[in-house]
Amino acid sequence: MQKPVYLDYAATTPLDPRVQQAMLRSMEETWANPASRTHVYGWQAEEAVENARNQMADLLKADSREIIFTSGATESNNLAIKGLLESKGFVDSSELKKAHVVSSVIEHKAVIDTLAQLEKRGLSVTWLQPDSQGLISVDQVLNALQDNTVLVSLMWVNNEIGVLNPIEVLAPRLQEKNIVLHVDAAQAVGKLPLDLGAIPVDLLSVSAHKFYGPKGIGALFVRRRPGLSISAQIHGGGHERGMRSGTLATHQIVGLGEAAALAEANLLAESEKILALRTRLLKGIESLPNIYINGSLTQRVAGNLNVSFGGVEGETLLMSLRDLALSTGSACTSVTVEPSYVLKALGLSDELAHSALRISLGRFTTEEEVDFAVNAIRQTVAGLRAAS
Ligand SMILES: Cc1ncc(COP(=O)(O)O)c(C=O)c1O
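On a predicted model such as this, the values are computed, not experimentally measured, just so you know.

**Points about the sheet that holds strand S4 (residues 124–128)**
Moving on, step 1. Spatial strand order, S2-S8-S7-S6-S5-S3-S4: 7 strands in an open sheet with mixed pairing. The sheet terminates laterally at strand S2 (67–70) and S4, the two strands that pair on one side only. Going across the sheet, the axis of each strand differs from the next one's by a mean of 20 degrees, ignoring polarity.
Moving on, step 2. Pairing of strand S6 (residues 180–184) with strand S7 (residues 203–207), which is carried by 3 bridges, proceeds in the parallel orientation. In the sheet register, Val 183 faces S7, and the bridge partner there is Leu 204.

**Regarding a nonpolar patch on the surface**
Moving on, step 1. Residues Trp 31, Val 40, Tyr 41 and Trp 43 make up a contiguous nonpolar surface patch of roughly 470 Å² in combined accessible area.
Moving on, step 2. Within the secondary structure layout, Tyr 41 lies in helix H2 (residues 40–60).
Moving on, step 3. Since its relative accessible area comes to 45%, Tyr 41 is described here as partly exposed.

**Examining the side chain of Arg 53**
Moving on, step 1. Along the chain, Arg 53 turns up in helix H2.
Moving on, step 2. A relative accessible area of 7% means that Arg 53 is categorised as buried.
Moving on, step 3. Beyond its immediate stretch of four places on either side in the chain, Arg 53 contacts Ser 64, Ile 67, Ile 68, Phe 69, Glu 240 and Leu 248.

**Observations regarding the side chain of Arg 244**
Moving on, step 1. Considering the arrangement of structural elements, one finds Arg 244 in the loop between strand S8 (218–222) and helix H8 (250–285).
Moving on, step 2. Taking the relative accessible area as the measure of exposure, Arg 244 reaches 17% and is therefore buried.
Moving on, step 3. Among the polar contacts listed, one links the side chain of Arg 244 to the side chain of Glu 75, at a separation of 2.6 Å.
Moving on, step 4. In this structure, Arg 244 is in contact with Ile 68, Phe 69, Thr 70, Ser 71, Glu 75, Ile 234 and His 239, ignoring residues within four places of it in sequence.

**Notes on the packing of H8 against helix H12 (residues 367–387)**
Moving on, step 1. At a minimum axis distance of 9 Å, the contact between H8 and H12 shows a crossing angle of 25 degrees. The pairing of H8 with H12 is recorded here as roughly parallel in orientation. For H8 against H12, the interelement crossing comes out right-handed. The segment H8 lies against H12, with Leu 277, Arg 280, Leu 281, Gly 284 and Ile 285 engaging Glu 367, Val 370, Asp 371, Ala 373, Val 374, Ile 377 and Arg 378.
Moving on, step 2. Among the residues making up the contact of H8 with H12, the classes are represented as 7 nonpolar, 1 polar and 4 charged.

**Side note on helix H1 (residues 17–29)**
Moving on, step 1. In this model, H1 (13 residues) spans 18 Å end to end at C-alpha, consistent with the 18 Å of a helix rising 1.5 Å per residue.
Moving on, step 2. Buried within H1 we find Val 19, Ala 22, Met 23 and Ser 26. Seen end-on, H1 carries its buried residues on one side only, within an arc spanning 100 degrees.
Moving on, step 3. Buried residues along H1 sit in contact with H8.
Moving on, step 4. By the N-cap criterion, in which a side-chain oxygen at the helix start approaches the backbone nitrogen of a residue two or three places on, H1 is capped by Asp 16, the distance to Arg 18 being 2.8 Å.

**Some words on the nonpolar core**
Moving on, step 1. Grouped together as the largest cluster of nonpolar side chains are 68 residues, with contacts concentrated most on Met 56, Leu 60, Trp 156, Val 189, Val 201, Leu 204 and Phe 211.
Moving on, step 2. Considering each element in turn, this core owes the most residues, 7 residues, to H8.
Moving on, step 3. Composition of this core by domain shows at least three residues from each of domain 1 (5–13 + 268–387) and domain 2 (17–262).
Moving on, step 4. With near-sequence residues (within four places) excluded, Val 201 lies in contact with Trp 156, Ile 167, Ala 171, Leu 181, Val 183, Leu 196, Phe 221 and Arg 223.
Moving on, step 5. In this structure, Leu 7, Leu 281, Leu 317 and Val 370 belong to the second largest nonpolar core, which totals 27 residues.

**Considerations on helix H7 (residues 167–176)**
Moving on, step 1. Residues Ile 167, Leu 170, Ala 171 and Leu 174 constitute the buried set of H7. For H7, the buried positions fall inside an angular range of 105 degrees around the axis, keeping them on one side.
Moving on, step 2. Of the surrounding elements, those touching the buried residues of H7 are helix H6 (138–144), strand S5 (149–155) and S6.
Moving on, step 3. Of the residues flanking the end of H7, it is Asn 178, one or two places downstream, whose phi is positive at about 60 degrees.

**Some words on the domain arrangement of the protein**
Moving on, step 1. Split into domains, the protein comes out as domain 1 (5–13 + 268–387) and domain 2 (17–262).
Moving on, step 2. Each of domain 1 and domain 2 was reduced to a C-alpha centroid, and the two centroids are 28 Å apart.
Moving on, step 3. Contacts between the two partners involve 30 residues from domain 1 and, on the opposite side, 34 residues from domain 2.
Moving on, step 4. The contact between domain 1 and domain 2 buries some 2,500 Å² in all, and 55% of this surface belongs to carbon and sulfur atoms.
Moving on, step 5. Linking domain 1 with domain 2 are 0 salt bridges.
Moving on, step 6. Taken together, the links from domain 1 to domain 2 amount to 18 residue pairs in polar contact (both at pLDDT 80 or more).
Moving on, step 7. Within the residue set of the side of domain 1 that touches domain 2, elements represented by two or more residues are H8, strand S10 (304–309) and helix H10 (341–345).
Moving on, step 8. For the side of domain 1 that touches domain 2, the leading source of residues is H10, giving 4 residues.

Definitions and limits used
Residues numbered from 1 in each chain as written. Predicted model: local features only at pLDDT ≥ 70, side-chain atom pairs only at ≥ 80, totals over all residues. Heavy atoms only, no water. Pairing = 2+ DSSP bridges. Helix = DSSP H or I, 4+ residues; strand = E, 2+ residues; numbered from the N terminus. Axes fitted to C-alpha atoms, helices over the stretch in contact; angles between N-to-C directions. Patch = residues over 30% accessible without salt bridge, like charges linked within 9 Å, V, L, I, M, F, W, Y side chains within 5 Å. Areas by Shrake-Rupley, 256 points an atom, 1.4 Å probe, with all protein chains shown as cover. Salt bridge = Lys/Arg side-chain N within 4 Å of Asp/Glu carboxyl O. Buried < 20%, exposed > 50% of the residue type's maximum accessible area, 1.4 Å probe, protein only. Contact = heavy atoms within 4.5 Å. Polar contact = N/O pair within 3.5 Å; in protein donor to acceptor, adjacent residues only side chain to side chain. Parallel < 35°, antiparallel > 145°, perpendicular 65-115°, else oblique. Left-handed = near helix turned anticlockwise from the far one by under 90°. Nonpolar A, V, L, I, M, F, W, Y, C, P; charged D, E, K, R; others polar. Expected span 1.5 Å × (residues − 1). Arc of directions from axis to C-beta. Core = buried A, V, L, I, M, F, W, Y, C linked by side-chain atoms within 4.5 Å. Domains from an automatic or database assignment. Buried area = accessible area lost by both parts, 1.4 Å probe.

Written as structure tokens, this is what we have:
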């Protein structure tokens, strides 16, 4: 067992060795510019890219022409939100003032900050609050709609508490009303069976490094349907059907494709295995006094557990758990020492939010590692409580 034991799969996943092999092969064999039309090297690189696009589309049950490669979910979220508003003509302040968007206070910063930026320029945003379990209801979204609502942007799975939004139910309701739905699915892709053939989401953000692919590559799904388009936010050679210019990073894209294919082949069995591990972890620690599970346990992705340990300071706990690699709050905002805004939105006190650990399990987590984590947490929490 390698220590510290890695229990931070929601921050990023290790590269699957099979993905690494595919990427190495691509770096050796399909290194040419996939946009080069004049020689066989270019054609081979293009074929590798298109193969990966198909693999990505297959995982989402989408059409490969609906997949735009980006640098990750942060860029995809920016492209979806800014690109959609711009394509509808909401560009400068006088126009942005006429538009309304619905989102939530527990989105990832890549959505919150993008919308907040536009809000400063006049956009009107309704920020939905989750209930104490982290849940946002379909009615809550529908009640927030206005005559000028052009977009709803909600995540599928929350990165801190793993709680799911009811996207399957919401999407057809918004479709009826002709309101565009963008879903940040960075924490859902590869973990939940997402069928975009059946669920009418319009725009969906993907990040390869959350499902055992490389960092720095992702995708935006843009549904091919009349009336839906997005304006490019990066201009240049007109790659990706004009929606995202820049020479394609073939080996990164090949890695994303391989990761998608592996996810598709193993998704259900893998999430069952991970759920069993999480149950084992929870059983191991739930008898500790004064602990709280943050977020609904039933509406939740398999690999996430977020727990507050009353009377114990999270940073001290983390420092004492040297043999475990995990997060307090979200890794994406871990430069700040503010209590997690997601946990605060669930109604936790600063103290309980500060005492939270996010434990996230994944493909390579073993029972032995979970048992080790249980013992380490039990001993450390008891020790810290005794000392205070
Ligand atoms: C829900 C969510 N959205 C967006 C992102 C950003 O993704 P990326 O690292 O690919 O930019 C993350 C990852 O931190 C995430 O968890």
